[in-house]
Amino acid sequence: MTEAHATTIPLPRPTGASVLVPVDVDAAVDGARMLVALHERVERQFDAYETAEGSHAAQHQAVGAITSALATHVAVEDELLYPAVRAHTGRHDGEINRQLQQDHLLDLLLVELGGMIPGDRGYDAKVRVLMQVFRQHARDAEALLLPAERETLGRRLLERVGQLEGRPRRGW
């Protein structure tokens, strides 16, 4: 995705396609690293989909995991990231609006995929468009985060991820 990925903490790979690995607690020290960790978790689910080629059951399971990872991702960006960026500067309003529209497009693609099965015509193409939109969205979102808000936002992001996924906040 971006150069920032070279500096992120490696996370363990899930053993099953539907397993969401908790976001690394150490990443919470820095909001940008936390955001990158959330993006990488979605990427791991994309990898599971690509690995499942030829197995409709495994592809269906991977899309379920993609949906779960993206639901958390979209919620924390919409609730925490974009308001934090807006609070520090109004210069990014156009970019934030574009990011919100990309989130909406991701949601629409997931709704459409939810009404399909892997053997349906256009299913794989729709998943690939989802991947493409997400990857552009992730690059753009990572570029928005200002250094001044990284630590505070990182802790808030970690706490919200735990709430969304039913896990208590750890390590504080």
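This text follows the structure it describes.
Note that the coordinates shown come from a computational prediction; the quantities given were computed from them, not determined experimentally.

(A) Just the overall build of the protein, in detail. Of regular secondary structure, the protein possesses five helices and zero strands. Considering the protein as a whole, with its 172 residues, one finds that 45% of them fall into the buried category. Counting only carbon and sulfur atoms, one obtains 53% of the accessible surface of the protein, whose full area is about 8500 Å².

(B) Just the packing of aromatic side chains, in detail. All told, the structure shown has one aromatic pair when counted by the stated rule. With 5.6 Å between their ring centres and 80 degrees between their planes, Phe46 and Phe134 make a pair best called edge-to-face. Of the two residues, Phe46 sits in helix 1 (residues 31–51) while Phe134 sits in helix 4 (residues 123–144), which places them 88 residues apart along the sequence. Of the two residues, Phe46 and Phe134, neither departs from the other in class, the shared state being buried.

(C) Quick look at the environment of Glu77. Position of Glu77 among the secondary structure elements: in helix 2 (residues 56–88). Exposure remark for Glu77: the relative accessible area of 0% places this residue in the buried category. Residues Glu77 and Leu157, spaced 80 residues apart in sequence, show a C-alpha to C-alpha distance of 8.5 Å. Once you skip the residues sitting within four places of it in the chain, Glu77 turns out to touch Leu35, His39, Tyr82, Pro83, Asp103, His137 and Ala141.

(D) Representation of the environment of Val111 within the structure. Topologically, Val111 is positioned in helix 3 (residues 93–114). Overall, the relative accessible area of 62% leaves Val111 in the exposed class. Val111 sits 44 residues away from Thr67 along the chain, and the two C-alpha atoms are 9.3 Å apart.

(E) Geometry of the nonpolar core. The biggest cluster of nonpolar side chains holds 21 residues, and the ones touching the most others in it are Tyr49, Leu70 and Leu130. When residues of this core are traced back to their parent elements, those giving at least two are helix 1, helix 2, helix 3 and helix 4. By residue number, the principal contributor to this core is helix 4, which donates seven residues. Leave out the neighbours within four places in its chain, and Leu70 touches Val42, Leu106, Leu110, Leu130 and Phe134. Membership of the second largest hydrophobic core comes to 16 residues, among which are Leu35, Val76, Val85 and Leu144.

(F) Expanded view of helix 1. Here helix 1 is 21 residues long and its end C-alpha atoms lie 30 Å apart, about the 30 Å a rise of 1.5 Å per residue gives. Within helix 1, 17 of the 21 residues are buried, leaving the element largely enclosed by the surrounding structure.

Conventions used here
- Residues numbered from 1 in each chain as written.
- Predicted model: local features only at pLDDT ≥ 70, side-chain atom pairs only at ≥ 80, totals over all residues.
- Heavy atoms only, no water.
- Helix = DSSP H or I, 4+ residues; strand = E, 2+ residues; numbered from the N terminus.
- Buried < 20%, exposed > 50% of the residue type's maximum accessible area, 1.4 Å probe, protein only.
- Areas by Shrake-Rupley, 256 points an atom, 1.4 Å probe, with all protein chains shown as cover.
- Phe/Tyr/Trp six-rings, centres within 6.5 Å; stacked < 30°, edge-to-face > 60°.
- Contact = heavy atoms within 4.5 Å.
- Core = buried A, V, L, I, M, F, W, Y, C linked by side-chain atoms within 4.5 Å.
- Expected span 1.5 Å × (residues − 1).

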